[in-house]
Amino acid sequence: MALAVFPTKGNLINIKKSLNLARLGFDLMDRKRNILVREMMSLIDTAKSIRGEIEKTYAEAYLALQKANITLGVCENIANGIEIETGVHITYRSVMGVEIPKVTLESTLSPNAYGFTGTNSQLDIAYIKFEKAKQISIVLAEIENSVYRLANAIKTTQRRANALKNINIPQFEETVKFISDALEEKEREEFSRMKVIKRTKEQQEQMS
């Protein structure tokens, strides 16, 4: 449906400018969407492989903890004596205007997080396994959060691109056609009117 504008050359120029901007906007949105989709698909592939690894790592860690509990009794008191990890840091990088998190870990825990008295190698194995699970969890959290942000950005970009393609651009095109047709009709009418005036004038000159 054409916009309700008066068919003048000035309006035609303005609508053509708006049409060109809408087409450019659609091209940019479409390009942005494709880049974001490629980025997201790459992360999804990585996430799939990490999920398999993290399930295996946690299974091994809990099995090692179970063995430590069996040999030492419940290890809760030892666990309570270990400090809470506070070395996780988050920075961001921009992908087509979308802030993607980068999670890093600079561990604040001592290499000897617990004493050797009253512990054994089973607890050491469990500790190492859970350290590995922590590292993988950080990577997976970064990737899944990135995928979530990219998916939302893709949805928003797609919605805007669809609005330009299916609403704004056709509307501007119809308006350009409407104004162009109206101006052409006006020019034809003016041309016909001038011909009539010219013919009338010639006839009057012949009669005088």
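Residues numbered from 1 in each chain as written. Predicted model: local features only at pLDDT ≥ 70, side-chain atom pairs only at ≥ 80, totals over all residues. Heavy atoms only, no water.

Draft legend 1. Broad picture of the overall build of the protein. What the protein contains, in helices and strands, is three helices and two strands. Against the globule reference of 17 Å for 208 residues, the protein gives a C-alpha radius of gyration of 36 Å, more extended than a compact globule. Counting only C-alpha atoms and orienting by the principal axes, one finds that the protein spans roughly 130 × 25 × 20 Å. The buried share of the protein, reckoned over its 208 residues, is 26%. (Helix = DSSP H or I, 4+ residues; strand = E, 2+ residues; numbered from the N terminus. Rg over C-alpha atoms; globule rule 2.2 N^0.38 Å. Buried < 20%, exposed > 50% of the residue type's maximum accessible area, 1.4 Å probe, protein only.)

Draft legend 2. Inspection of a nonpolar patch on the surface at higher detail. Taken together, the side chains of L21, L24 and L28 define a hydrophobic patch exposed on the protein surface, amounting to about 300 Å² of accessible area. Note that L21 resides in helix α1 (residues 9-72). (Patch = residues over 30% accessible without salt bridge, like charges linked within 9 Å, V, L, I, M, F, W, Y side chains within 5 Å. Areas by Shrake-Rupley, 256 points an atom, 1.4 Å probe, with all protein chains shown as cover. Salt bridge = Lys/Arg side-chain N within 4 Å of Asp/Glu carboxyl O.)

Draft legend 3. View of the pattern of salt bridges. Summed over the entire model, instances satisfying the criterion amount to eight salt bridges. For E144, the salt bridge goes to R51, with nearest N and O atoms at 3.0 Å. Taken together, the residues E144 in helix α3 (residues 121-207) and R51 in helix α1 connect sequence positions 93 residues apart. Looking at E144, the relative accessible area reads 36%, which means it is partly exposed. Since its relative accessible area comes to 36%, R51 is described here as partly exposed.

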